[in-house]
Amino acid sequence: QSCHRPAGQRAGQEPGSRGLPEGVEYIPTRKKGKNPMKPVGVAWYSLYARTRLGYLFYQRQVKKARERYPHGHSMPQPYCFPGVKILPIPVLSNNYSYLVIDTGSSQAAVIDPSDPLAVQAAIEEEGVMLEAIFCTHKHWDHSGGNEALCQKHKSCRVYGSALDAIPQLTNPLADREKVSVGCLTFEALATPGHTVGHMVYVLDGVPFGSPPCLFSGDLLFLAGCGRLFEGSPETMLASLDLAMGLGEDTLLWPGHEYALECLTFASLLELDNSALEQKLQWAVQQRQEKRSTCPSTLGEEQTYNPFLRTHRPELQEALGLWQGRGEDPDAFRARVLKEVRRRKDLYQAT
């Protein structure tokens, strides 16, 4: 459910195989020294996403992360505009939840509350009322805190896609549906690919004199994108294109701290990209100091994120791919995306 984990993953099933819907593919887990094509990877993902065993695994993740990072994996850096405050909350080993506060009314929403204790501590420290939980998708590292927070905050509503079996979901959202929390307005955008029901949330910055803020979950990271657990390259490409239509000044708030790994991988593809080199040097310094690398902007991302550069001849050439005669441009871009994703799934940062 991420750009990089210790056990990488790669595509191993053709869409529609094993009785899955057309256009849906599960990506087996690759463990060191193991054949990534073995069916155990499919079983692992199904267990994690669909059964109680996945929740138990998530609880183990939470326990280990609290022990290893008692103060979080990164130093949170609040981002403020007149009337709104965005507080990244570092949770688990590399996730981010986000507390978004209407400072005038002290009403707040949280995006992807992985660890309810960390989120509750931020709520209490800020002295705000939690009115809404926005879940980008069903995976436990993004939704595992829903139940505990709803028990604590009785009026809190849980928003997300009905397609994704989100825990404690009270208010299913349709594509482009808007939700207000105090003076904050969030728009939900359907962005399938990582999961069937993945959604991102866009905070309207106009009332605060700020750019839009994209809370991207596992659709898009700094220099990376999520794995194609439940979607085809064509589906993911369409979702990425939708996000990029928000505008270059849009602030990107991703679901994971994967900048260093993703930038390092990207630098292996484009050896002469000066924007990429500069961003990598910056990220190294940030992470040495345990500082968060978010937000970036969508304009920045277009200069170094290979998943957003499928149209660039220099990346296509680096991958050894050329558009076929008569091949639809978007079909070719999806083929480029598939190859970048394949290489990223095989890549393990040293």
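Conventions and cut-offs
Residues numbered from 1 in each chain as written. Predicted model: local features only at pLDDT ≥ 70, side-chain atom pairs only at ≥ 80, totals over all residues. Heavy atoms only, no water. UniProt positions renumbered as here; feature names shortened; annotations may be inferred. Pairing = 2+ DSSP bridges. Helix = DSSP H or I, 4+ residues; strand = E, 2+ residues; numbered from the N terminus. Buried < 20%, exposed > 50% of the residue type's maximum accessible area, 1.4 Å probe, protein only. Patch = residues over 30% accessible without salt bridge, like charges linked within 9 Å, V, L, I, M, F, W, Y side chains within 5 Å. Areas by Shrake-Rupley, 256 points an atom, 1.4 Å probe, with all protein chains shown as cover. Salt bridge = Lys/Arg side-chain N within 4 Å of Asp/Glu carboxyl O. Axes fitted to C-alpha atoms, helices over the stretch in contact; angles between N-to-C directions. Parallel < 35°, antiparallel > 145°, perpendicular 65-115°, else oblique. Left-handed = near helix turned anticlockwise from the far one by under 90°. Contact = heavy atoms within 4.5 Å.

In the annotation of an unreviewed UniProt entry, the chain is listed under the name PNKD hydrolase and assigned to Rhabdornis inornatus. What UniProt states about the chain under its Sequence similarities (unreviewed entry) heading is, verbatim, "Belongs to the metallo-beta-lactamase superfamily. Glyoxalase II family." Heading Cofactor (unreviewed entry) of the UniProt record for the chain holds this comment: "Zn(2+)".

Draft legend 1. Looking closely at the sheet that holds strand S15 (residues 296–297). Taken together, 6 strands build an open sheet; the order of strands is S8-S9-S10-S11-S14-S15 and the sheet is mixed. Edge positions in the sheet fall to strand S8 (178–181) and S15, since each of these pairs with one other strand and no more. Pairing of strand S9 (residues 184–190) with strand S10 (residues 199–203), which is carried by 5 bridges, proceeds in the antiparallel orientation. Note that in S10 the partner of Phe186 across the bridge is Leu203.

Draft legend 2. Broad picture of the environment of Glu67. By the secondary structure assignment, Glu67 is in helix H2 (residues 52–68). The class for Glu67 is exposed, based on a relative accessible area of 54%. Along the chain, Glu67 and Leu92 lie 25 residues apart, while their C-alpha atoms are 10.0 Å from each other.

Draft legend 3. Representation of a nonpolar patch on the surface. Taken together, the side chains of Leu47, Leu53 and Leu56 define a hydrophobic patch exposed on the protein surface, amounting to about 270 Å² of accessible area. Of note, Leu47 is situated in helix H1 (residues 40–50). You can call Leu47 partly exposed: its relative accessible area is 39%.

Draft legend 4. Highlighting the packing of helix H7 (residues 259–269) against helix H8 (residues 274–288). Contact geometry for H7 and H8: axes closest at 9 Å, N-to-C directions at 150 degrees. With respect to H8, the element H7 is oriented roughly antiparallel. Helix-helix and strand crossings are classified by hand; for H7 and H8 the assignment is left-handed. Counted together, Leu260, Leu263, Thr264, Ala266 and Ser267 of H7 and Leu276, Lys279, Leu280, Ala283, Val284 and Arg287 of H8 form the full contact between these two elements.

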